[in-house]
Amino acid sequence: MELQSIWFFLWGLLWAIFFLTDGFDFGIGILYPFAGKTDRDKRVMLNAKGPLWDGNEVWLVTAGGVTFAAFPKVYATMFSSLYTPLMLILFALIFRGVAMHFRGKIESPGWKKTWDTLIFLGSFLPALLFGVAFANIFAGIPFDNQGLYHGNTLKLLTPYGLLGGILFVLMFMLHGANWMTIKATGELQDRFARIAAKTWMVLVPVAVVFLIASYFATSLYDNYIKSPALFLVIVIAVAALLCARYFNAKQAWFKAWFASALTIMGCIFFGICGLFPALFPSSMDPAWDLTAFNASSSPLTLKIMLGVVSISIPIVIAYQSWSYNLFKDPISDEDLDMDEAY
Amino acid sequence: MDPVFLSRLQFAAATMFHFLFVPLTLGLSILIAYMETKYAWSGDKNYLRMTKFWGKLFLINFALGVVTGITLEFQFGTNWSRYSEYVGDVFGSLLAIEASAAFFLESTFIGIWIFGWNKISAKAHAGVMWVVAIAGNFSAVWILIANGFMQHPVGYDIRNGRAELTDFMAVVTNKHGLLEIIHVVPASLLLGAFFVMGISAYHLLKKQHTEIFLKSFRIALVVGLVSSLTLGFTGDMHGVNVSKHQPAKLAAMESHWETRTQAPIVMFAIPDETQEKNKIEIGSIPGVLSFLGFHDFNAEVVGLRDIPKEDRPPVLPTFVGFRTMVGLGTLFILLMIYGWIRRNKLLESPNFLKIMLWSIPLPYIAMEMGWVVSEVGRQPWIVYNLMRTSDAVSPIAGTQVMVSLTAFILVYGLLGAVGFYLIAKSVKEGPEAVTA
């Protein structure tokens, strides 16, 4: 395989891992005002992701950095075209991050309520906007051969774009609820098991509509028709989604979480495989698409970076796995009593 | 509305705000790792209380540093897309390496450090803090190498209408970047040390928790002494390098208008950029600028008048920034030497303690001014002699930037106030009794 194609799939993989890991953090944040009835519930939810979210968020920084390194032209065009939504995402992430740290620092209902609202918005907005952005990328973005953007932020809110946003929100809610069934105990755990089941009921029809709508709104399926073996990606995504419900019912919490993780991976790769070789297609003229081949860095940079990430990323996965393993047990009262707990 | 000007303002606001938190993260993490190591090996609970107290302040600061850093990475794409396209082949990889090899480590291990007290042994926990500290500084190293490329581009060829990488090792070992590293890392240590000494002084003046804060103060004093002296040396090395590669920056740093040998420095001046001279000049010492720049009293120093107007950096901020940085650097050395002499009589030195308490903002000012010299002094180039800042901006509407700039100022202002309040609150509460 050419270097550019390898990088294309690595690029997709990094975004997918970001959504897989930080996805459940977003999900917990979205469920936070609804599922967290008492202050203790809320604290269990925050501490369930407390040790992990920071490391998870770096997958975004890495996905961004790798886009910059391997496909500078995509980095430049994508982020300047999507200026306003990206800024909204970044501000939301700022608030999410500090809100978790700051919420417990002062014992005052007004103080807590303020940060609680920001935890929700800081999770909901990025989830929704990432979904809208990716759906729009799947459908193509109006920019010309100079990288000049001809749309505006409101025009991103097409029916297909919004559908993508809703899909992301629901996927992350399921994923977050699944993580909470691992980390919560007793009545709270039951509550999240029910939330996961209900979310699933809504997610399935939305996912089906999204798969069908993609046929009309995008040209993603062209690649699938060319190489039908790719349909395996969709099969895996759908099977994983079905397993998520099955394991939830069997109270196999870890397996249910893996299943929702795989669903997210499958969803992203459904798009990635359909896009190939375009990373950022132009809706104005397919000749202006930014692809792995016309927007990549020089072969030397691609080679050096491949060397770097093939060493660093496995190491990252190793120590993050260690960290996940260290914090896999349900949250106990002792955990909540720690000075450092959220 | 001019997107170049607004984007510059936005980037300056975002970096300078981010850089209020980064140096403390870098410096304080090393001090805390040392304190926790002392605890893990001696079992002395005072060191645990120290670790927890400084750790609490560290975490508030860390949270703000991380979240404000993420916006910076993406601003290259959002606001400086022409730049990203033109030098992404070289510059992008440095940011990607920073994220994948350093920032990941720091962020994952800080989670383990915060929540892992009961999950791993005391020694392993101290080890985790060392990982955080080293990874954080390693992160800074990659960012400074990236900045070094903007200051003094090496290891590339212009091909296919952009700068393409030809020699990765040349980029990584770029002298300008290395000089920044040996200046910024000790500066961060100095800032961390002043932070610890200033807050310790607050409690020592009130004669409370004296055991903990005397220990903290003395640890920080050693670090402060060594790093302030180091900064003098590395600053000088940096100056020589700037004279060689960035004559316009040197001239702006000193508000030096006329090309001449035995170039003087002036004690006090008010630069006048339209008249191309200094309005007021007091106390000029001949030869010193030649000596500082080239280690030769007779060396010729190019004046701003011999540099085309369109290639001159803004003189006033560069000049004031440089004066302030050097002045404060000298003060730091004097304070640390005096502190060293009084190290065993700290409780009997209330005036010195008061000075140290009120000195907390000074290293912050010195570091921000250092960046003003470095970055404003580099203008009008975004990459020195290779790409102009005005050619680097994204093809976006000024109004878009205006809106985001306003949001940056509001949000950062708010966060800064909250962060300051929380740190001050924790400082006043003092160290908690440790039961563990």
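Residues numbered from 1 in each chain as written. Chains lettered and ligands numbered in written order. Predicted model: local features only at pLDDT ≥ 70, side-chain atom pairs only at ≥ 80, totals over all residues. Heavy atoms only, no water.

## Some details on the overall build of chain B
Thinking step 1. Along chain B, the regular secondary structure elements total 14 helices and 8 strands.
Thinking step 2. Structurally, chain B occupies a C-alpha span of about 65 × 50 × 40 Å along its principal axes.
Thinking step 3. Put simply, chain B has 436 residues, and 61% of those count as buried.
Thinking step 4. Excluding contacts between residues fewer than 6 apart, the proportion of contacts in chain B whose partners are at least 24 apart in sequence is 79%.
Thinking step 5. Accessible area for chain B stands at about 16600 Å²; split by element, carbon and sulfur atoms hold 66% of it.
Thinking step 6. Positive and negative side-chain charges in chain B, numbering 33 and 31 respectively, have mean positions lying 12 Å apart. (Helix = DSSP H or I, 4+ residues; strand = E, 2+ residues; numbered from the N terminus. Buried < 20%, exposed > 50% of the residue type's maximum accessible area, 1.4 Å probe, protein only. Contact = heavy atoms within 4.5 Å. Areas by Shrake-Rupley, 256 points an atom, 1.4 Å probe, with all protein chains shown as cover. Lys, Arg positive; Asp, Glu negative; His and termini not counted. Charge placed at Lys NZ, Arg CZ, Asp CG, Glu CD.)

## A look at the UniProt feature "transmembrane region" (unreviewed entry) in chain A
Thinking step 1. Within this structure's numbering, the places UniProt gives as "transmembrane region" (unreviewed entry) are residues 6–35, 82–99, 119–139, 159–179, 200–218, 224–244, 256–280 and 300–319 of chain A.
Thinking step 2. Taken end to end, residues 6–35 of chain A is 100% helix and 0% strand, and its two terminal C-alpha atoms sit 42 Å from one another. (UniProt positions renumbered as here; feature names shortened; annotations may be inferred.)

## Notes on the layout of surface pockets
Residues and elements named next belong to chain B.
Thinking step 1. Volume-wise, the largest pocket comes out at about 1400 Å³.
Thinking step 2. As for the largest pocket, its lining consists of 46 residues, of which Phe11, Thr15, His18, Leu72 and Ile143 are closest to the centre.
Thinking step 3. Secondary-structure elements contributing two or more residues to the lining of the largest pocket are α1 (3–42), α2 (45–78), α3 (81–115), α4 (122–151) and α12 (361–376).
Thinking step 4. Per-element accounting of the lining of the largest pocket gives the leading share, 12 residues, to α1.
Thinking step 5. Grouping the amino acids of the lining of the largest pocket by side-chain chemistry returns 29 nonpolar, 10 polar and 7 charged.
Thinking step 6. His183, Gly235, Phe322, Met325 and Val326 are the residues nearest the centre of the second largest pocket, which is lined by 40 residues in total.
Thinking step 7. Secondary structure elements with two or more residues in the lining of the second largest pocket: α6 (175–205), α7 (210–245), α8 (247–254), β4 (265–272), α9 (288–294), α10 (315–341) and α12.
Thinking step 8. Classifying every residue of the lining of the second largest pocket gives 23 nonpolar, 12 polar and 5 charged. (1 Å grid on protein atoms, 1.4 Å probe; cavity = no way out; pocket = protein on both sides within 12 Å on 5 of 7 lines; lining within 4 Å. Points joined across faces, edges and corners; volume = space filled by probe spheres on them. Nonpolar A, V, L, I, M, F, W, Y, C, P; charged D, E, K, R; others polar.)

## Some thoughts on the pairing of strand β5 (residues 277–285) of chain B
Residues and elements named next belong to chain B.
Thinking step 1. Here 7 bridges tie β4 to β5, and the two strands are oriented antiparallel to one another. The partner of Phe268 across the bridge, within β5, is Ile282.
Thinking step 2. Hairpin connection from β4 to β5: 4 residues lie between these consecutive antiparallel strands, with Glu276 at a positive phi of about 55°. (Pairing = 2+ DSSP bridges.)

## Quick notes on helix α14 (residues 398–429) of chain B
Owing to its 3.6 residues per turn, the α-helix aligns residues three or four sequence positions apart on the same side.
Thinking step 1. Taking 1.5 Å of rise per residue, the 32 residues of α14 of chain B would be expected to cover 46 Å, and the 46 Å separating its terminal C-alpha atoms lies within 8% of that figure.
Thinking step 2. Of the residues one or two after α14 of chain B, Gly430 of chain B is the one with positive phi, at around 75°. (Expected span 1.5 Å × (residues − 1).)

## So, the pattern of salt bridges
Residue and element names in this part refer to chain A.
Thinking step 1. Per the stated rule, a full pass over the model turns up 23 salt bridges over all chains.
Thinking step 2. One salt bridge connects Asp41 with Arg191, and the closest N-O pair in it is separated by 2.9 Å. In this pair, Asp41 sits in helix α2 (residues 39–49) while Arg191 sits in helix α8 (residues 186–217), placing the two residues 150 residues apart along the sequence. For the pair shown, Asp41 and Arg191 are each scored as buried.
Thinking step 3. Connected through salt bridges with shared partners, the residues Asp39, Arg103, Glu107, Lys112 and Asp116 form a single ionic network. (Salt bridge = Lys/Arg side-chain N within 4 Å of Asp/Glu carboxyl O.)

## Concerning the side chain of Ser394 of chain B
Thinking step 1. Mapped onto the fold, Ser394 of chain B is located in the loop between α13 (389–392) and α14.
Thinking step 2. Engagement of the side chain of Ser394 of chain B in a polar contact is seen with the backbone oxygen of Thr78 of chain B, the distance being 2.7 Å.
Thinking step 3. For Ser394 of chain B, the side chain forms a polar contact with the main-chain nitrogen of Trp80 of chain B, separated by 3.3 Å.
Thinking step 4. In this structure Ser394 of chain B touches Ser80 of chain A together with Gly77, Thr78, Asn79, Trp80 and Ser81 of chain B, once residues within four positions along its chain are discounted. (Polar contact = N/O pair within 3.5 Å; in protein donor to acceptor, adjacent residues only side chain to side chain.)

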